[in-house]
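Coordinate analysis (summary)
Read off the chains here:
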Amino acid sequence: MTSLSWRAVVTAEERAYTAGIGNNLLFETRLIEGADAVLDAVASASASSEFGVFQAGPWLSAVYGDLAPGHQAWPVAVEVRTASGELALLLPLLATHEKGLDVLRVPSLWVSDYGGPLLGPAAPANDAGAAALWRAMKSALAGYDLIIVENMPHSIGERPNPLALIAAARPAEHQRNALHIEGSVEDMLRARGKKYRKEAERCARLLAERGMPTFKRAESEEEIAHGYAILQEQQALRRRATGGGYVLDQPDYMRFYETVLRQGFANGQAHLFTLGAGAEVGACLLGVTHAGVFTLLRIATAGGNWSRISPGRLIVLEAMRYFLPRGVRTFDMGIGDYPFKQGFGIQPEPLATLEAPLSRKGWPRYTLRRLRAWARGHERLRALVRYMKGKVYGRAPEGRAAPHFALNG
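Residues numbered from 1 in each chain as written. Predicted model: local features only at pLDDT ≥ 70, side-chain atom pairs only at ≥ 80, totals over all residues. Heavy atoms only, no water.

1. A short note on the overall build of the protein chain
The helix and strand tally for the protein chain stands at twelve helices and 16 strands. With 409 residues in all, the protein chain has 51% of them scored as buried. For the protein chain, the share of sequence-separated contacts (at least 6 apart) that also reach a separation of at least 24 residues comes to 74%. Put simply, the protein chain shows about 19,900 Å² of open surface, and 54% of that area lies on carbon and sulfur atoms. (Helix = DSSP H or I, 4+ residues; strand = E, 2+ residues; numbered from the N terminus. Buried < 20%, exposed > 50% of the residue type's maximum accessible area, 1.4 Å probe, protein only. Contact = heavy atoms within 4.5 Å. Areas by Shrake-Rupley, 256 points an atom, 1.4 Å probe, with all protein chains shown as cover.)

2. As for unusual backbone geometry
The backbone of Q72 shows a phi angle near 50 degrees, a positive value even though the residue is not glycine. Along the chain, the position of Q72 falls in the loop between helix 3 (57-67) and strand 3 (74-82). Overall, the relative accessible area of 71% leaves Q72 in the exposed class. Located in the positive-phi region is N151, a residue other than glycine, with phi close to 55 degrees.

3. Remarks on the side chain of Q55
Residue position: Q55 is located in the loop between helix 2 (35-46) and helix 3. What Q55 contacts, discounting residues up to four positions off in sequence, is V42, L60, Y114, G115, G116, P117 and L118.

4. Here's the deal with the pattern of salt bridges
Inspection of the entire model under this criterion finds 18 salt bridges. For E98, the salt bridge goes to R105, with nearest N and O atoms at 2.9 Å. A salt bridge links R365 to E98; the nearest nitrogen and oxygen atoms lie 2.9 Å apart. Here the residue R365 occupies a position in helix 11 (residues 362-376), and E98 occupies one in strand 4 (residues 87-98), the gap between them amounting to 267 residues. Residue classification places R365 among the buried positions, given a relative accessible area of 19%. Assessed through its relative accessible area of 17%, E98 is described here as buried. Counted as one network, the salt bridges with shared partners bring together E150, R170, E355 and R369. (Salt bridge = Lys/Arg side-chain N within 4 Å of Asp/Glu carboxyl O.)

5. Some thoughts on the packing of helix 3 against helix 8 (residues 251-267)
Between helix 3 and helix 8, whose axes approach to 9 Å, the crossing angle comes to 155 degrees. By the angle between their directions, the pair helix 3 and helix 8 is classed as roughly antiparallel. For the pair helix 3 and helix 8, the sense of crossing is right-handed. Where helix 3 approaches helix 8, its residues P58, W59, S61, A62, V63, D66 and L67 are matched on the opposing element by D252, Y253, R255, F256, T259, V260, Q263 and N267. Broken down by class, the residue content of the contact of helix 3 with helix 8 amounts to eight nonpolar, four polar and three charged. (Axes fitted to C-alpha atoms, helices over the stretch in contact; angles between N-to-C directions. Parallel < 35°, antiparallel > 145°, perpendicular 65-115°, else oblique. Left-handed = near helix turned anticlockwise from the far one by under 90°. Nonpolar A, V, L, I, M, F, W, Y, C, P; charged D, E, K, R; others polar.)

6. Topic: the packing of aromatic side chains
Overall, the coordinates contain 13 aromatic pairs when judged by the stated rule. When the centroid spacing of 5.1 Å and the interplanar angle of 90 degrees are considered together, the rings of W59 and F256 count as edge-to-face. Here F256 lies in helix 8 and W59 lies in helix 3, a separation of 197 residues in the sequence. We note that W59, like F256, is buried. Judged by centre distance (4.9 Å) and plane angle (80 degrees), the rings of F256 and Y257 are edge-to-face. A residue is classified by how much of its surface remains accessible, and F256, at 0% relative accessible area, is buried. Look at Y257 and you get buried, because its relative accessible area is 3%. (Phe/Tyr/Trp six-rings, centres within 6.5 Å; stacked < 30°, edge-to-face > 60°.)

7. Comments concerning helix 11
Between its first and last C-alpha, helix 11 extends 21 Å over 15 residues, near the 21 Å set by a 1.5 Å rise per residue. Taken together, the buried positions of helix 11 are occupied by G362, R365, Y366, R369 and A375. (Expected span 1.5 Å × (residues − 1).)

8. Describing helix 8
Spanning 17 residues, helix 8 covers 25 Å between terminal C-alpha atoms, matching the ideal 24 Å at 1.5 Å per step. Within the span of helix 8, buried status applies to D252, Y253, F256, Y257, T259, V260, L261, G264 and F265. Contacts from the buried residues of helix 8 go to helix 3, strand 11 (213-217), helix 7 (221-242), strand 12 (270-277), strand 13 (280-290) and strand 14 (293-301). Positive backbone phi, approximately 80 degrees, marks G268, located one or two places after helix 8.

9. Topic: the side chain of K341
Position of K341 among the secondary structure elements: in helix 10 (residues 339-342). Of the polar contacts made by the side chain of K341, one reaches the backbone oxygen of M333; its length is 2.5 Å. (Polar contact = N/O pair within 3.5 Å; in protein donor to acceptor, adjacent residues only side chain to side chain.)

10. Some thoughts on the nonpolar core
W59, V63, L90, V111, F256 and L272 are the most contacted members of the largest nonpolar core, which totals 51 residues. Sequence-distant contacts of W59, defined by excluding residues within four places in its chain, comprise V53, F54, V111, S112, F256, V260 and L297. Counting 37 residues, the second largest nonpolar core, distinct from the first, contains A88, A95, I147 and L163. (Core = buried A, V, L, I, M, F, W, Y, C linked by side-chain atoms within 4.5 Å.)

No statement about biological role is implied by the geometric values presented.
Quick look at the structure:
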């Protein structure tokens, strides 16, 4: 069902903003509900908007179709336009019911690294305009209790993200790890220093010693299915060996990536690479391209004696050599802070998280989340919590004394 009611919001802050830009601009908002309605709005907005790959229609379609039902999440979006009908912003979201609260979140479900809006021509680019837009958005979201939009870029394309400018935004826990290459891959390797370049050359020689090196992009349905099966096997074995939860081999997640591959190969935006020697595959790489950027989604490597070859590094280097002649020069390695990414000379970029209560019921949960975020930045407080857990649930580790506790540390 789609809500077609528009709400005009006029506040003193907005009057000051509209007076400051010299016209009578007012924001009107619309709440859109249901996957079909949201995807129609995204398709309509895409022609005149700037957005990231995780806000693109094909990606959202896969999230809504394959993942949202199993998580009992309902697709919604808030659309903001000027009084004259010009699009300012469209923010796709997922509504969930969590511990008695109706919560709006990024449509991620652990597969999208970044959240954020599609920016229309009328998106404000300063603090006052962003505050006015946010006040208008909240009027459309009055039926919910809490909104959490994590890991938003501070800019989308060449334009500032107004949702990162408002008072409800704060620094995100994660950062974007991206690399832009001006010259060739060899130029980049030389810039990384002799030690790193020689190590990459040594790994390439070791790969050749195993047999004829092969690097290929899957093209046919059979190659896609074969490469994806190897990626699944390699990644699942590695994750289970290191412990911790692993969800990507669950049926709904497998369907999701199969949908991304099937739709993405049709429009040239999804890519699945394999690197091997002889009949063996040592690494797989899955990613998507959008607006001249390749975004790494999943990477997996074989175990055993393959580790001495660093196949993960080699397959990324070969993917760069594949994309540079095709006009893709920015390589986004996502938010995971893994050591192998640092060797490429990535440029970390800060992200923002928008988090705000939308009702009285949302305030306690919002306050608790902010306290936890504050505590994560205080090592002594975390140490005290660990110590107290040891006292309550069992002895503290032998030889570890109670931490010195000071809030100003």
